[in-house]
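# Observations on chain architecture
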Amino acid sequence: MKLIFATNNDHKVKEIRYAIGDRFELLTLKEAGIFQDIPEPHATLEDNATEKSTTIYNLTGTSCFSEDSGLETDALDGEPGVRSARYAGDGRSSDDNMDLLLDNLHGISNRRARFRTVISLIIDGNEHLFEGVCEGRIAGSRQGEGGFGYDPVFIPEGSDRSFGEMTLSEKDRYSHRAKATAKLVAFLNNLQPKPGI
Ligand code: IMP
């Protein structure tokens, strides 16, 4: 089965390819010859994921999925949430986002947080949503340099190491994206093979 993964984020592609295995032929936007940036204008991860998958499905007619993820902290009322990529402002780096998060949590003992991923799959014109959540906490400072985004400051429940200190396979055991992808794969595995897919 051929599936377009509607993202330009190489880190996400690496993680999803790892989690999804080789049963499906996964094409990135670049590999599908699509070079446009898809906006994420909505207030929820679900709406942004839907916008991205719908845009690509309407453009290509090929089964596709997208994902939108965010980091939610309890002490900051769920921030940065859907604004995780742009927390410190448009065009700012992951380092800027982490600095702002650590500043905003400075002196606060409640470090509880979670990563949430929503995947929107469009197959035969119908949408299916899959969610993955990884509970954890925000470290006092960066730990490790691996991964991307907020990985160095996020410590998943059940570990004392941050995502930034983990290999791809270690992160996969905990991650929100891996959990949402496992649901996507289970759904795809249950589909009867249909001609043309
Ligand atoms: P989006 O899903 O492309 O909107 O990305 C949301 C932002 O959340 C990313 O730019 C990262 O900063 C952050 N993010 C999403 N998933 C992860 C992750 O697995 N590790 C670290 N940061 C992440």
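Here the residue numbering is sequential within each chain, running from 1 through the sequence in written order. At least 70 in pLDDT is required for a residue's local features to be given in this predicted model, at least 80 for side-chain atom pairs to be given and counted, and no such filter applies to totals for whole chains, interfaces and linings, which use all residues. Heavy atoms throughout the structure, all of them, feed into the side-chain values; hydrogens and water do not.

Bringing the pattern of salt bridges into the picture now. One speaks of a salt bridge when a side-chain nitrogen belonging to Lys or Arg is within 4 Å of a carboxyl oxygen belonging to Asp or Glu. In the structure shown here, the tally under the stated rule is 22 salt bridges. The salt bridge partner of R112 is E157, with a shortest N-O separation of 3.2 Å. You can see R112 sitting in strand β5 (residues 112-123) and its partner E157 sitting in the loop between β7 (154-156) and α4 (168-174), a full 45 residues away along the chain. Type-normalised accessible area, obtained with a 1.4 Å probe on protein chains alone, sets the label of each residue: buried when under 20%, exposed when over 50%, and partly exposed for intermediate values. According to the relative accessible area criterion, E157 is partly exposed, its value standing at 47%. The closest approach of N and O atoms between R116 and E131, which form a salt bridge, is 2.5 Å. Placement of the pair is R116 in strand β5 and E131 in strand β6 (residues 126-138), with a sequence separation of 15 residues. The buried category is assigned to R116, whose relative accessible area is 15%. On the basis of relative accessible area, E131 is assigned to the partly exposed category, the value being 34%. It is possible to trace a salt-bridge network through shared partners that takes in K12, E15, E67, D151, K171 and R177. Elements are defined by DSSP. Helices are runs of H or I of four residues or more, strands are runs of E of two residues or more, and each kind is numbered from the N terminus.

Glancing now at the environment of D160. Here D160 lies in the loop between β7 and α4. A C-alpha to C-alpha distance of 9.9 Å links D160 and G136, two positions 24 residues apart in sequence. The contact definition used throughout considers only heavy atoms, calling two residues in contact when any of these lie within 4.5 Å. Among residues more than four places away in sequence, those in contact with D160 are Q143 and I155.

Next up on the list: the packing of helix α1 (residues 10-20) against helix α5 (residues 176-190). Running from amino to carboxyl end, α1 crosses α5 at an angle of 50°, the nearest separation of the two axes being 9 Å. In terms of orientation, α1 and α5 fall into the oblique class. For α1 against α5, the interelement crossing comes out right-handed. Contact residues: K12, E15, I16, A19 and I20 in α1; R177, A178, T181, L184 and V185 in α5. Here the nonpolar group is Ala, Val, Leu, Ile, Met, Phe, Trp, Tyr, Cys and Pro; Asp, Glu, Lys and Arg are the charged ones; every other residue, Gly included, is treated as polar. The residue makeup of the contact of α1 with α5, split by class, is 6 nonpolar, 1 polar and 3 charged. Under this scheme, a helix contributes an axis fitted over its contacting stretch, all axes are lines through C-alpha atoms, and angles between N-to-C directions fall in the 0 to 180 degree range. An angle below 35 degrees is treated as roughly parallel, one above 145 as roughly antiparallel, one from 65 to 115 as roughly perpendicular, and anything else as oblique. Crossings are sorted by hand: turned counterclockwise from the far helix by less than a right angle, the near helix makes the crossing left-handed, and turned clockwise it makes it right-handed.

This part is about the site of the ligand. Any residue with a heavy atom lying within 4 Å of a molecule or strand is counted as near it. K12, S69, D151, K171 and R177 are the nearest of the 15 residues found near the ligand. Contact between the ligand and S69: an oxygen atom at 2.9 Å from a main-chain N or O atom of the residue. For the ligand, whose unbound accessible area comes to 490 Å², protein coverage reaches 92%. At the level of elements, β3 (64-73) and α5 are the ones that each hand at least two residues to the shell around the ligand. The residue inventory of the shell around the ligand, partitioned by class, reads 4 nonpolar, 4 polar and 7 charged. Between N or O atoms, a polar contact is any pair within 3.5 Å; within protein, one atom must be a potential hydrogen donor and the other a potential acceptor, and residues adjacent in sequence are included only when both atoms are from side chains. The method behind every accessible area is Shrake-Rupley, applied with a 1.4 Å probe, and residues are considered shielded solely by the protein chains displayed.

A few words now on helix α3 (residues 94-104). Each α-helix winds once per 3.6 residues, and so residues spaced three or four apart point in a common direction. Three or more residues of α3 are buried, namely N97, M98, L101 and L102. All buried residues of α3 fall inside an arc of 130° around its axis, so they share one side. For α3, the secondary structure elements touched by its buried residues are β3, β4 (80-81) and β6. An arc is given here, and it is the one of the directions from the helix axis to the C-beta atoms.

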